[in-house]
Amino acid sequence: DVKVTQSSRYLVKRTGEKVFLECVQDMDHENMFWYRQDPGLGLRLIYFSYDVKMKEKGDIPEGYSVSREKKERFSLILESASTNQTSMYLCASSLWQNGYTFGSGTRLTVV
Amino acid sequence: GQNIDQPTEMTATEGAIVQINCTYQTSGFNGLFWYQQHAGEAPTFLSYNVLDGLEEKGRFSSFLSRSKGYSYLLLKELQMKDSASYLCAVRSPSGAGSYQLTFGKGTKLSVIP
């Protein structure tokens, strides 16, 4: 089975801090994605990557950046965390024609 | 733009059948997915439709009509453990030859004894 691992399950950060969320997959998938999930809003795509060093903006990229230096690792960066970025962050990976496999999520609280 | 609609909540009785509908309007279409998500957990893959018709997988079936922009997930012989949110998602082409998956807001299903 594909495994997608997110580095932290729970995270508390202060406003203005730089935050790194890490995601690693072990099945050589080309595509990796970062979503955030909020009550009443569902899953919203922040950024995705279809190859090493390639990235595309999703629906809500503002306030975020990403890095994909190696195929297995996709990092989400909050340059200056704000309270409205408190959310559940989900990483996913896929092959081109397959469904997504999600990590277990990181619940980020910005205080 | 992408627009995916599904009911917010549904309640059904253990042992019964429930149908969760999903309608979509997207720029491009390359398949429709259903995911199950239990509270506090990550979504898990249930089904995938790219051609019109019914796909059956045990107690779960999913139907697609591309001309109508419509899908449904059918759950038979409901069990208490089926209480979860069910997410409809549409894959569509994005820039540079890649694809992205856009999710509906999810339908929270409560199964009652």
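Keep in mind it's a predicted model, so treat the numbers as computed, not measured.

What counts, and at which threshold
- Residues numbered from 1 in each chain as written.
- Chains lettered and ligands numbered in written order.
- Predicted model: local features only at pLDDT ≥ 70, side-chain atom pairs only at ≥ 80, totals over all residues.
- Heavy atoms only, no water.
- Helix = DSSP H or I, 4+ residues; strand = E, 2+ residues; numbered from the N terminus.
- Rg over C-alpha atoms; globule rule 2.2 N^0.38 Å.
- Buried < 20%, exposed > 50% of the residue type's maximum accessible area, 1.4 Å probe, protein only.
- Areas by Shrake-Rupley, 256 points an atom, 1.4 Å probe, with all protein chains shown as cover.
- Pairing = 2+ DSSP bridges.
- Disulfide = S-S within 2.5 Å.
- Axes fitted to C-alpha atoms, helices over the stretch in contact; angles between N-to-C directions.
- Phe/Tyr/Trp six-rings, centres within 6.5 Å; stacked < 30°, edge-to-face > 60°.
- Salt bridge = Lys/Arg side-chain N within 4 Å of Asp/Glu carboxyl O.

Q: For the overall build of chain B, give the residues involved together with the corresponding values.
A: Along chain B, the regular secondary structure elements total 0 helices and 11 strands. The C-alpha radius of gyration of chain B comes to 14 Å, within 12% of the 13 Å expected for a compact globule of 113 residues. Along the longest, intermediate and shortest principal axes, the C-alpha atoms of chain B span 50 × 30 × 20 Å. Out of the 113 residues in chain B, the part that is buried amounts to 46%.

Q: I'd love a proper account of the overall build of chain A, names of residues and values included.
A: Each helix and strand counted, chain A has 0 helices and 11 strands in total. Along chain A, from the amino end to the carboxyl end, the secondary structure elements read β-β-β-β-β-β-β-β-β-β-β. The globule rule puts the C-alpha radius of gyration for 111 residues at 13 Å, and the 13 Å found for chain A is close to it. Projected onto its principal axes, the C-alpha positions of chain A cover 40 × 25 × 25 Å. Accessible surface, chain A: about 5400 Å² in total, of which carbon and sulfur atoms supply 50%.

Q: Can you tell me about unusual backbone geometry, naming the residues and giving the values?
A: The phi dihedral of A:Lys53 is positive, around 65°, even though this residue is not glycine. With respect to the helices and strands, A:Lys53 occurs in the loop between strand E5 (42-49) and strand E6 (56-57). When its relative accessible area of 57% is taken as the criterion, A:Lys53 is described as exposed. Unlike most non-glycine residues, B:Glu77 shows phi in positive territory, near 45°. Assignment of secondary structure puts B:Glu77 in the loop between strand E8 (70-75) and strand E9 (84-93).

Q: How would you explain the pairing of strand E6 (residues 53-57) of chain B if you had to name every residue and give the values?
A: Residues and elements named next belong to chain B. Pairing analysis gives 5 bridges linking E6 to strand E7 (residues 60-65), with the strands arranged antiparallel. What sits directly across from Glu 55, in E7, is Ser 62. Turn length for the E6-E7 hairpin, with the two strands adjacent in sequence and antiparallel, is 2 residues, and the turn residue Gly 58 shows positive phi of about 65°.

Q: A description of the state of the cysteines should follow, citing residues and the corresponding values.
A: Residues and elements named next belong to chain A. If you walk through the whole model with that rule in mind, you get 2 disulfides over all chains. In this model Cys 23 forms its disulfide with Cys 91; the gap between the sulfur atoms is 1.9 Å. One quick way to see it: the torsion about the S-S bond of Cys 23 and Cys 91 is about -75°, and its sign makes the bridge left-handed. Here Cys 91 lies in strand E9 (residues 87-94) and Cys 23 lies in strand E3 (residues 19-25), a separation of 68 residues in the sequence.

Q: Explain the sheet that holds E3(A) to me, using residue names and the numbers behind them.
A: Residues and elements named next belong to chain A. Pairing is antiparallel in the open sheet, where 4 strands are placed in the order E1-E3-E8-E7. Two strands close off the open sheet at either side, each with one partner strand: strand E1 (4-6) and strand E7 (64-70). Neighbour-to-neighbour, the strand axes of this sheet turn through a mean angle of 20°, independent of strand direction. Where E3 and strand E8 (residues 73-78) come together, 6 bridges link them in antiparallel fashion. Paired with Val 19 across the strands is Leu 78, a residue of E8.

Q: Help me get a handle on the packing of aromatic side chains, residues and values and all.
A: Scanning all chains against the criterion turns up 17 aromatic pairs over all chains. Centre to centre, the rings of B:Phe63 and B:Tyr72 are 5.0 Å apart; their planes meet at 15°, and the pair counts as stacked. Assessed through its relative accessible area of 17%, B:Tyr72 is described here as buried. Among the aromatic residues, those joined into a cluster by ring pairs are A:Phe33, A:Tyr35, A:Phe48, A:Tyr100, A:Phe102, B:Phe33, B:Tyr35, B:Phe45, B:Tyr48 and B:Phe103.

Q: Account for the pattern of salt bridges, with residues named and values stated.
A: Residue and element names in this part refer to chain A. According to the stated counting rule, one finds 9 salt bridges over all chains in the structure shown. Residues Arg 73 and Glu 22 are paired through a salt bridge, measuring 3.9 Å at the closest nitrogen-oxygen approach. Of this pair, Arg 73 sits in strand E8 while Glu 22 sits in strand E3, placing them 51 residues apart in sequence. Classification of Arg 73 as partly exposed rests on a relative accessible area of 39%.

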